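# Examination of the molecular architecture
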Amino acid sequence: MMRGSSVAELNLDDVLAEAIAAGGYPLPPTQREWVDAPAVGCELLVEDLQSAEAIHAYLSHAEATGDVAYIEHARQIAA
C-alpha cells in the first residue's frame, strides 16, 4: 500500500497478507456461516434502496412474507 498518498493500489495478495497479519483470515467457522451459505436470489444491495418507493416496496414485500425477522429488518431500513 502506498502510504501518504490519496490513492492506494492494492492487489489481492496485499489484501490477503494484511488480513492474515491482522488475524482476520481465515475466518473461524462461526463467522464463515454467512459466507458459505448459498445465495437465495433475494440479496439486497444498498443501491437497490435509493428511493422512498423502493424502500416502501421492500417493506411491503417483507410484510407479505410474514417472516418476523425479515419484517423487523425491513422496518429498520425504512426508519
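Each remark here, short or long, concerns the structure printed above.
Conventions used here
- Residues numbered from 1 in each chain as written.
- Predicted model: local features only at pLDDT ≥ 70, side-chain atom pairs only at ≥ 80, totals over all residues.
- Heavy atoms only, no water.
- Helix = DSSP H or I, 4+ residues; strand = E, 2+ residues; numbered from the N terminus.
- Buried < 20%, exposed > 50% of the residue type's maximum accessible area, 1.4 Å probe, protein only.
- Areas by Shrake-Rupley, 256 points an atom, 1.4 Å probe, with all protein chains shown as cover.
- Patch = residues over 30% accessible without salt bridge, like charges linked within 9 Å, V, L, I, M, F, W, Y side chains within 5 Å.
- Salt bridge = Lys/Arg side-chain N within 4 Å of Asp/Glu carboxyl O.
- Axes fitted to C-alpha atoms, helices over the stretch in contact; angles between N-to-C directions.
- Parallel < 35°, antiparallel > 145°, perpendicular 65-115°, else oblique.
- Left-handed = near helix turned anticlockwise from the far one by under 90°.
- Contact = heavy atoms within 4.5 Å.
- Nonpolar A, V, L, I, M, F, W, Y, C, P; charged D, E, K, R; others polar.
- Expected span 1.5 Å × (residues − 1).
- Arc of directions from axis to C-beta.

## So, the overall build of the protein chain
Of regular secondary structure, the protein chain possesses four helices and zero strands. The N-to-C order of helical and strand elements in the protein chain reads α-α-α-α. Each of the 79 residues in the protein chain was classed as buried or not, and the buried ones make up 8%. As displayed, the protein chain offers around 6600 Å² of accessible surface, 60% of which is attributable to carbon and sulfur atoms.

## Focus: a nonpolar patch on the surface
Nonpolar side chains collect at one region of the surface, where L10, L12 and V15 lie side by side and expose about 300 Å² of accessible area between them. With respect to the secondary-structure elements, L10 resides in the segment before α1 (12-21). Of the residues examined, L10 reaches a relative accessible area of 41% and is grouped as partly exposed.

## A look at the packing of helix α3 (residues 52-65) against helix α4 (residues 68-78)
A pair of packed helices can be characterised by two numbers: the angle between their axes and the separation between those axes. Here α3 crosses α4 at 160°, and the two axes come no closer than 8 Å. Looking at the two axes, α3 sits roughly antiparallel to α4. When you trace α3 past α4, the crossing you get is left-handed. Two secondary-structure elements touch here, α3 through I55, Y58, L59, H61, A62, E63 and T65 and α4 through Y70, I71, H73, A74, R75, I77 and A78. Tallied by class, the residues present in the contact of α3 with α4 amount to nine nonpolar, three polar and two charged.

## Focus on the pattern of salt bridges
Under the counting rule described, the total for this entry stands at one salt bridge. Its salt-bridge partner being R75, residue E63 comes within 3.7 Å of it at the nearest N-O pair. On the criterion of sequence distance, the pair formed by E63 in helix α3 and R75 in helix α4 is long-range, its members being twelve residues apart. Judged by relative accessible area, which is 38%, E63 ranks as partly exposed. Note on R75: relative accessible area 46%, which makes it partly exposed.

## Comments concerning α3
Over its 14 residues, α3 runs 20 Å from end to end, which matches the ideal 20 Å to within 8%, given 1.5 Å per residue. Three or more residues of α3 are buried, namely Y58, L59 and A62. One face of α3 carries all of its buried residues, which in axial projection span an arc of 95°. Seen from the buried face of α3, the exposed residues on the opposite side, beyond 90 degrees, are E53, H56 and A64. On its buried face, α3 sits against α4.

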